[in-house]
Amino acid sequence: MSSGPAPHVASSASDATSACRLLLVRHAKAVPKHVAEDFERSLSDRGRADAPETGRWLAESGFEPRLVLCSPSRRTRQTWQLIAPALPDVPPAVYDDRLYNAAPTALATVVAERGAGVSHLMLVGHNTGIHELAMTLCGTGPPKLLERLGEGLPTSGVVVVDLPGGWQGLAPGDGHLTAFWAPAH
């Protein structure tokens, strides 16, 4: 379930300074809700296997973030910690309380605030907010990828969105769906 690396988005030097790439990652599969309080839920065996696969896909596809924004929940932190070793250059991670089970508008606000000066940013978060943000942003893209995105975002899934207007332009429909990937099951 992958698409190849994205073509370069910028067409001129001025575009290159404002265009940004957002990597939206849904946390890996967690233990059931009845096992622990939601914030403290850890990854399941499947989640611990899938998260490193997500990291390998990101590295092989050339989708390397320069900064990671991560929900502080246990399952999102574990997901990021299992993705990171596969990346050639591990970026800094910021754990922001506002990302825990956040609505798409809250996610967009944090991205716009924290993304200043960063061209490639990864957000590790939760459904439904992260899927809804992807759906809201992606106004263009390959029809098959847009259709797959409309069907949902599986755990450990990645949505790559190119934003020609940068972080301040996180408006509905302004993003281009560049890639969509999830572990095969």
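Refer to the preceding data block for the structure.
Rules behind the numbers
Residues numbered from 1 in each chain as written. Predicted model: local features only at pLDDT ≥ 70, side-chain atom pairs only at ≥ 80, totals over all residues. Heavy atoms only, no water. Phe/Tyr/Trp six-rings, centres within 6.5 Å; stacked < 30°, edge-to-face > 60°. Helix = DSSP H or I, 4+ residues; strand = E, 2+ residues; numbered from the N terminus. Buried < 20%, exposed > 50% of the residue type's maximum accessible area, 1.4 Å probe, protein only. Polar contact = N/O pair within 3.5 Å; in protein donor to acceptor, adjacent residues only side chain to side chain. Contact = heavy atoms within 4.5 Å.

**As for the packing of aromatic side chains**
The relative placement of two aromatic rings is captured by the distance of their centres and the angle of their planes.
Thought 1: In total, this model carries three aromatic pairs according to the counting rule given.
Thought 2: Aromatic side chains phenylalanine 39 and tyrosine 100 sit 5.0 Å apart centroid to centroid with 75° between the ring planes, which places their arrangement in the edge-to-face category. Of this pair, phenylalanine 39 sits in the loop between β1 (20–26) and α2 (45–61) while tyrosine 100 sits in the loop between β3 (93–95) and α4 (104–114); the two residues are 61 residues apart in sequence, bridging distant segments of the chain.
Thought 3: Since its relative accessible area comes to 25%, tyrosine 100 is described here as partly exposed.
Thought 4: Both rings, one in tryptophan 57 and one in tryptophan 181, keep their centres 5.4 Å apart while their planes meet at 10°; by these two values the pair is stacked. Taken together, the residues span a long stretch of sequence, with tryptophan 57 in helix α2 and tryptophan 181 in strand β7 (residues 175–181) at a distance of 124 residues.

**Some details on the side chain of aspartate 96**
Thought 1: Summarising the element assignment, aspartate 96 is placed in the loop between β3 and α4.
Thought 2: Among the polar contacts made by the side chain of aspartate 96, one reaches the side chain of arginine 98 at a distance of 2.8 Å.
Thought 3: Contacts of aspartate 96, omitting those with residues within four sequence positions, involve Cys70, Ser71, Pro72, Val110 and Arg114.

**Some remarks on the environment of glutamine 81**
Thought 1: Relative to the helices and strands, glutamine 81 resides in helix α3 (residues 74–83).
Thought 2: Along the backbone, glutamine 81 and threonine 155 are 74 residues apart, and their C-alpha atoms lie at a distance of 15 Å.

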